[in-house]
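Coordinates in review
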Amino acid sequence: MPTHEEHILRTLGEAKEPLFASEIAEHLNSELRPDSAYSTMEVAKRLKSMSEQVAQLLDGRWILKRLML
């Protein structure tokens, strides 16, 4: 079973543009069971702990670092 971080990375990888933490949470919640619900705060906390893989833009949206090149 994928970890929370893997779900977040997949969501960012599939996105056509950078996403806010709330948009990531909304996307994940729409595809997962209700008992696996993500809050915006939980997603933001996990994003901040994944600094080697993701970057936060000045406007608060998040992107995979490999997409910044």
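Residues numbered from 1 in each chain as written. Predicted model: local features only at pLDDT ≥ 70, side-chain atom pairs only at ≥ 80, totals over all residues. Heavy atoms only, no water.

Section: the pattern of salt bridges
- Taken as a whole and assessed by the stated rule, the structure comprises five salt bridges.
- Linking R46 and E42 is a salt bridge whose minimum nitrogen-to-oxygen distance equals 3.4 Å. Taken together, the residues R46 and E42, both in helix 3 (residues 40-49) and four residues apart, mark about one turn of the helix.
- Among the residues examined, E42 registers a relative accessible area of 22% and is labelled partly exposed. (Salt bridge = Lys/Arg side-chain N within 4 Å of Asp/Glu carboxyl O. Helix = DSSP H or I, 4+ residues; strand = E, 2+ residues; numbered from the N terminus. Buried < 20%, exposed > 50% of the residue type's maximum accessible area, 1.4 Å probe, protein only.)

A closer look at the side chain of H7
- Position of H7 relative to the elements: it lies in helix 1 (residues 4-14).
- Classification of H7 by relative accessible area gives buried; the value is 11%.
- In this view, H7 contacts P2, L28, L32 and Y38; residues no more than four positions away in its chain are not counted. (Contact = heavy atoms within 4.5 Å.)

Let's talk about the nonpolar core
- Grouped together as the largest cluster of nonpolar side chains are 15 residues, with contacts concentrated most on I8, L12, I24, V43, L47 and V54.
- Sorting elements by how many residues they give to this core places helix 2 (residues 21-31) first, with four residues.
- In this structure L12 touches L19, I24, L47, V54, W62, I63, L64 and L67, once residues within four positions along its chain are discounted. (Core = buried A, V, L, I, M, F, W, Y, C linked by side-chain atoms within 4.5 Å.)

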